[in-house]
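Topology and contacts: notes
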Amino acid sequence: MKPETGRKLHGFTVERVRHVEELSATLVEMTHDKTGAQLCWMDNGEDNKLFCVSFQTLPEDSTGVFHILEHSVLNGSDRYPVREPFVELLKSSMNTFLNAMTYPDKTIYPVSSRNEKDFLNLTSVYLDAVFSPLLDRNPNVFYQEGWHTELNDGVPSYKGVVFNEMKGAMSDVDAIVEMEVDGLLFPDTCYRFNSGGDPAHIPDLSYEQYVDTYRRFYHPSNARFFLDGSVPLDETLEMIDSYLSRYERSGEKHILTMQVPRGGEGECRYEIGEGEELDNKVIFTTAKIIGTWADREKLMAADVLCDLLCDSNESPLKRAILSAGLGEDVTLAVVDGIAQPYIQLQVRNTAEDKLPAIRATVRSTVSRLVEQGIDRAALQACINRYAFRLRQEREPRGLIHAISATCSWMYGGDPLMYLVCDEAIAHLNEMMKGDGYEKLLSELLLDEEGMVTLKAIPSRTYGAELREAEQKRLEAEQAARSEAEQAALEELNAALERWQQTPDTPEQLATLPTLPLSEVSELPDWVDTEESSVEGVKILRHRIPTKGISYLSLYFSLGDCTLEELTQLSLLPDLLDQLPTEHYTVAQLQQEIKTYIGSLRFSLSAYSREGEFDTCLPCLCVRAGVLDANWDKAMELICEILLRVSFREPERIRELAVQSNEIGRQDAVSGGHMLGVQAVTSHYSATAAVGEAINGFTNLQWLRSFVKEFDSRFEDFAALLERVRSRCICRARLIAGVTSGGEAELDRLLSALPQGERCDLRPAYTSALPQRMGIRIPAQASFAVQGYQLKDGSVSDGSLPVLSNIMTLSYLWNEVRVKGGAYGTGLRCTRTGGMIAYSFRDPTPGRTLAVYGGSADFLRAFCAGEEDPDKFIISAIAASEPLLEPGRQGNLADERWLAGMTYERLKETRAQMLATTREKLVSHCEALERMSTEGAVCVVGPETALKDCEDLTVFDL
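Here's what I pulled together on the structure shown here. The structure presented is a predicted model; accordingly, all values stated were derived computationally and were not measured.

Tallying secondary structure elements over the protein gives 37 helices and 28 strands in all. Here the protein has a C-alpha radius of gyration of 28 Å; the compact-globule value for 957 residues is 30 Å, and the two agree. Dimensions of the protein, computed from C-alpha atoms along their principal axes, come out at roughly 75 × 65 × 65 Å. Every one of the 957 residues in the protein was classed for burial, and the buried ones make up 61%.

Dropping the structure here:
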């Protein structure tokens, strides 16, 4: 039945129907008659179908109760009483997105799929999870996902998935600063609390408070549903109504208090490594509330000003602070997605005695811009780049629509407000005619009323103090327990362990909706590649709809570079568009880029052919997204950068190297599993050895020494960059990819490049890292990685991704996450024989390595059991075909061509996946055993965790 205003549809009344030309869609808004729940459907004909339910969740403390509930509701429900329906869906569905997220004032549960039956299955399970969970009858869910006290030989410790996740998250200085700044800005509202949970307060949460919070907030009257794509509307609405109709409209109103801005100052500490210098490591942050969610045009204009002032080292405010020696990096950003967005200026790696000078520099720089007027060409360039980013297609689009809608809808506004941008962009352009930007800039940074400031001070002892405080609390709680309380705690742990180790019965598993294997196509997704040659350059053209944007990829061979040279060249992508060229200053160049190029990225990557392990092709890659009307100018600018950038800029390069070093070290603390994966895989292929050398621990060590010895090493470094440019940036070494719905030509670009000399070398690169290594980081959680590479008949085997799903979701999830308390874990098995087991924010990495050692025994038991492998085949195939925007579709097509992957070969792999049997799976047991006994190991974590892991060569970050 077609939705029309006033029409009744399955318990809902259609309130409004709007055609949204900008989105080529119709937005249908409805209200549930009985409960008042609101629903929007973005009817855009997209094949991908999304269901999302959101609740306004307003924290009343920092126990992380909503974060724990986000995890908990997907741990069994009335209709689907399996222990973890979420995991079962991961095993068996064709989902394109399946997760849940906690924000400062809302929690959302989105699922999506291209398959209609799968979409309805996912929607059914999610509805039952949020409205009929077992968490109020099964406290084990709370103890597992939230926290509990565990006794090991009488020694107490806190365990729980969210508890351990947040210990890792709060090791990141940015997370600490965010929590402290929010506390200063919003002392009277829910935003002062850590919605994810502060590890110091998570153990304050009781099971009773947790259940009460669920009942108060997870009510249909507090729910908003968002549907996107070609959903089967009648079936979906009927399903939603079957749950909502059980409720009466709630009288409880969850009022989000608005903060009256007031200033304040604060100080916090963050942990650094034992060997790190304390000098000039202060992080100074200043912030102020700048409006409400309803001020969208103002917020967008503020975004543009942030870009203009601090986007690059040559932006006026950032340049002023850097040139005065007041810090090593500067950021300015609008923090939005909440009821009261704020602007935040941060100066990293400064000193306390420099804070007055930072304030004075900000005032003088901003005052000059306000008084003299902002350069209109620079402003227009920032608006152009901002508009491109808003209009460019991104995936998953349905999820982006759902989250964007809540940015206004959650606060009583129009759900369409943050979904469209044309009028707002027109307003940004109109503002340039007067002094609107100057007035806004003055308000943002010169008016200090309501401004807060925070100093984050480095400490070598902060982490140890946190661990000591936690241990003292545990010991005090243990000493205060009576014999009866001690016995109850022991029984709690025993009951939790029994529950975790009790498998779901066949009857319970049978309640879950499943897809037959016949729903999966035998034909994989494929983007055609047309090969041609222009001026001797191989051109790979992908003709797909791109809505007026064309995408360029350039691959220049670096095949005659050593591994040590590639490590040094890893800094090159950060330099290319940040240095002057023959015809442009840095500021002029960046203005031109923003005006004419929507997106521009440089990187180093290595590519190998099918079955090629010992050698590879390293490349300098250039990727750009450009409006068709700007294509020729964009090609001209890219040539200017590649051919005429000046590498004789020691101070600018020093600044960029220092910033890259700091970013890399912070990323290692928050995402140590990636550092571990790079280290482990580097032993098994030339491609991975290059990847580690340019992105991993080796790169971090080089960057650190390069920054420290910059003056003595700069000349050699600059000479290397110049040699590589003169040798490698030429037609003879180039392969180019173009993804476009039109005729984006490369003649202008190619004619500007020198011919040069071919380089057909595919070097043999090997890693020098130890087989078993540890990386010591200043953090409260760890990451454990072990891997192996098959180089025999198992290579190019479509059953390996299926094995990956089985081991991740039926073994490691239970042993490492559920029982071990790590936030994440998995086994990645690639079609080409790579095996990598990893954990994320793991409290006990030594135990996790032992779990990896049991993988083969588990697989034998699985193959001898009754669990159906077909569901893992379905999800493995779905994972191999993620949603991709046009530019990434073109990149994937390029990578397949570079690997020699044909459509026929891809179909063979699909056939192998579909034909996976227990017999085939059990044949991989030997490989798993070899991984556990011979595989490389890397553990990234604090000293206390590394001590529990055997035979590691340990390095400091």
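Another point: the packing of helix 25 (residues 686-695) against helix 26 (residues 697-708). Direction vectors running N to C along helix 25 and helix 26 enclose 30°, while the axes themselves pass 4 Å from each other. In this structure, helix 25 crosses over helix 26, and the sense of that crossing is right-handed. Packed against helix 25, whose contacting residues are Glu692, Ala693, Ile694 and Asn695, the element helix 26 presents Phe697, Thr698 and Asn699 at the interface. Of the residues that constitute the contact of helix 25 with helix 26, the class distribution is three nonpolar, three polar and one charged.

Another point: the side chain of glutamate 655. The topology assignment puts glutamate 655 in helix 23 (residues 650-670). Discounting residues that sit within four places of it in the chain, glutamate 655 has contacts with Asn313, Arg319 and Leu322.

Our focus in this paragraph is the nonpolar core. Judged by nonpolar contacts, the single largest core of 100 residues is most densely connected at Phe51, Phe131, Tyr210 and Phe225. Here this core gets nine residues from one element, more than from any other, and that element is helix 3 (residues 116-131). Ignoring anything within four residues of it in the chain, the contact list for tyrosine 210 reads Val65, Ile68, Leu69, Ser72, Leu135, Val141, Phe142 and Leu205. Formed by 68 residues, the second largest nonpolar core is a distinct cluster that contains Phe556, Leu576, Leu620 and Ala686.

Let's shift gears to the packing of aromatic side chains. What describes a pair of aromatic rings is the distance from one ring centre to the other and the angle between the planes of the rings. This model, assessed by the stated rule, comprises 34 aromatic pairs. Arranged with centres 6.1 Å apart and planes meeting at 45°, the rings of phenylalanine 86 and tryptophan 813 form a pair that is tilted. With phenylalanine 86 in helix 2 (residues 85-92) and tryptophan 813 in helix 29 (residues 799-818), this pair connects stretches of sequence that are 727 residues apart. According to the relative accessible area criterion, tryptophan 813 is buried, its value standing at 13%. Aromatic side chains phenylalanine 783 and phenylalanine 840 sit 5.6 Å apart centroid to centroid with 55° between the ring planes, which places their arrangement in the tilted category. Of this pair, phenylalanine 783 sits in strand 24 (residues 783-789) while phenylalanine 840 is found in strand 26 (residues 834-840), placing the two residues 57 residues apart along the sequence. For phenylalanine 783, a relative accessible area of 1% puts it in the buried group. Assessed through its relative accessible area of 15%, phenylalanine 840 is described here as buried.

So, on to the sheet that holds strand 25 (residues 824-829). In any sheet, the strands associate via hydrogen bonds between backbone groups, in a parallel or an antiparallel arrangement. Ordered by their spatial adjacency, six strands build an open sheet running 25-26-24-27-23-28, and the pairing between neighbours is mixed. For this open sheet the edge positions go to strand 25 and strand 28 (953-956), each flanked by a neighbour on one side alone. Neighbour to neighbour, the strand axes of the sheet diverge by 15° on average, direction disregarded. Of the strand pairs in this sheet, strand 24 and strand 26 are connected by five bridges, and their pairing is antiparallel. Residue glutamine 789 lies in a different strand from strand 26, and its bridge partner there is glycine 834. In the packing of helix 36 (residues 925-934) onto the sheet, contacts are made with strand 24, strand 25, strand 26 and strand 27 (936-941), and the angle to strand 24 comes to roughly 125°.

Take helix 32 (residues 870-879) next. Burial within helix 32 is extensive, with eight of its ten residues counted as buried. What helix 32 keeps buried is the set Lys871, Phe872, Ile873, Ile874, Ser875, Ala876, Ile877 and Ala878. Those residues of helix 32 that are buried lie in contact with helix 2, strand 6 (95-98), helix 29, helix 31 (855-864) and helix 34 (903-914).

Here we come to the pattern of salt bridges. A complete count under the given rule lists 78 salt bridges for this structure. The partner of arginine 397 in a salt bridge is glutamate 393, with the nearest N and O atoms 3.5 Å apart. Residue arginine 397 is classed as partly exposed on the basis of its relative accessible area of 21%. Note on glutamate 393: relative accessible area 18%, which makes it buried. Where salt bridges share partners, they join Glu46, Glu393, Glu395, Arg397 and Lys547 into one cluster.

Of note, the bond from glutamate 395 into proline 396 is cis; its omega dihedral lies within 30 degrees of zero at 0°. Note on placement: proline 396 falls in the loop between helix 12 (376-391) and helix 13 (397-409).

Before going further, it helps to spend a moment on the side chain of threonine 365. Note on placement: threonine 365 falls in helix 11 (residues 355-372). The buried category is assigned to threonine 365, whose relative accessible area is 2%.

All right, on to the sheet that holds strand 14 (residues 329-335) then. Across the sheet, five strands lie side by side as 12-16-13-15-14; this open sheet has mixed pairing. Edge positions in the open sheet fall to strand 12 (264-271) and strand 14, since each of these has one partner strand only. Mean inter-strand twist for the sheet, computed between neighbouring axes without regard to direction, equals 20°. Two elements, strand 12 and strand 16 (residues 452-459), share eight bridges in a ladder whose sense is parallel. From the neighbouring strand, tyrosine 270 faces strand 16, where its bridge partner is proline 458. Sitting on the sheet, helix 9 (residues 296-310) touches strand 14 and strand 15 (342-350), and the angle it makes with strand 14 is about 175°.

In this section: empty space enclosed by the protein. The tally for this structure, following the rule as stated, stands at five cavities of 30 Å³ or more. Here the largest cavity is characterised by a volume of approximately 160 Å³. Lining the largest cavity are 15 residues, with Tyr270, Glu271, Ile272, Glu276 and Gln666 positioned closest to its centre. Elements represented by at least two residues in the lining of the largest cavity include exactly strand 12 and helix 23.

Bringing the pairing of strand 10 (residues 155-159) into the picture now. In terms of residue burial, strand 10 counts as a mostly covered element, since four of its five residues are buried. Strand direction decides the pairing type here: strand 9 (residues 148-152) and strand 10, joined by five bridges, are antiparallel. Bridge pairing links leucine 151 to proline 156 in strand 10. Hairpin remark: strand 9 followed by strand 10, antiparallel, with two residues in the connecting loop; positive phi at aspartate 153, about 55°.

This brings us to the packing of helix 9 against helix 15 (residues 436-446). Viewed as axis vectors pointing N to C, helix 9 and helix 15 meet at an angle of 80°, and their least axial separation amounts to 10 Å. As the angle between them shows, helix 9 and helix 15 are arranged roughly perpendicular. Listed contacts from helix 15 to Lys298, Ala301, Ala302, Val304, Leu305 and Leu309 of helix 9 are Tyr437, Leu440, Leu441, Glu443, Leu444 and Leu445. Grouping the amino acids of the contact of helix 9 with helix 15 by side-chain chemistry returns ten nonpolar, no polar and two charged.

Bringing the environment of valine 690 into the picture now. Looking at where valine 690 falls in the secondary structure, it is placed in helix 25. Sequence separation between valine 690 and alanine 606 is 84 residues, and the spatial gap between their C-alpha atoms is 6.6 Å. Dropping the residues within four chain positions of it, valine 690 is found in contact with Leu563, Leu566, Ala606, Cys616 and Tyr765.

Let us look at helix 17 (residues 483-501). Across its 19 residues, helix 17 extends 27 Å between first and last C-alpha, which sits within 8% of the 27 Å expected from 1.5 Å per residue. Buried residues along helix 17 sit against helix 4 (139-145), strand 9, helix 16 (462-480) and helix 29.

Conventions and cut-offs
Residues numbered from 1 in each chain as written. Predicted model: local features only at pLDDT ≥ 70, side-chain atom pairs only at ≥ 80, totals over all residues. Heavy atoms only, no water. Helix = DSSP H or I, 4+ residues; strand = E, 2+ residues; numbered from the N terminus. Rg over C-alpha atoms; globule rule 2.2 N^0.38 Å. Buried < 20%, exposed > 50% of the residue type's maximum accessible area, 1.4 Å probe, protein only. Axes fitted to C-alpha atoms, helices over the stretch in contact; angles between N-to-C directions. Left-handed = near helix turned anticlockwise from the far one by under 90°. Contact = heavy atoms within 4.5 Å. Nonpolar A, V, L, I, M, F, W, Y, C, P; charged D, E, K, R; others polar. Core = buried A, V, L, I, M, F, W, Y, C linked by side-chain atoms within 4.5 Å. Phe/Tyr/Trp six-rings, centres within 6.5 Å; stacked < 30°, edge-to-face > 60°. Pairing = 2+ DSSP bridges. Salt bridge = Lys/Arg side-chain N within 4 Å of Asp/Glu carboxyl O. 1 Å grid on protein atoms, 1.4 Å probe; cavity = no way out; pocket = protein on both sides within 12 Å on 5 of 7 lines; lining within 4 Å. Points joined across faces, edges and corners; volume = space filled by probe spheres on them. Parallel < 35°, antiparallel > 145°, perpendicular 65-115°, else oblique. Expected span 1.5 Å × (residues − 1).

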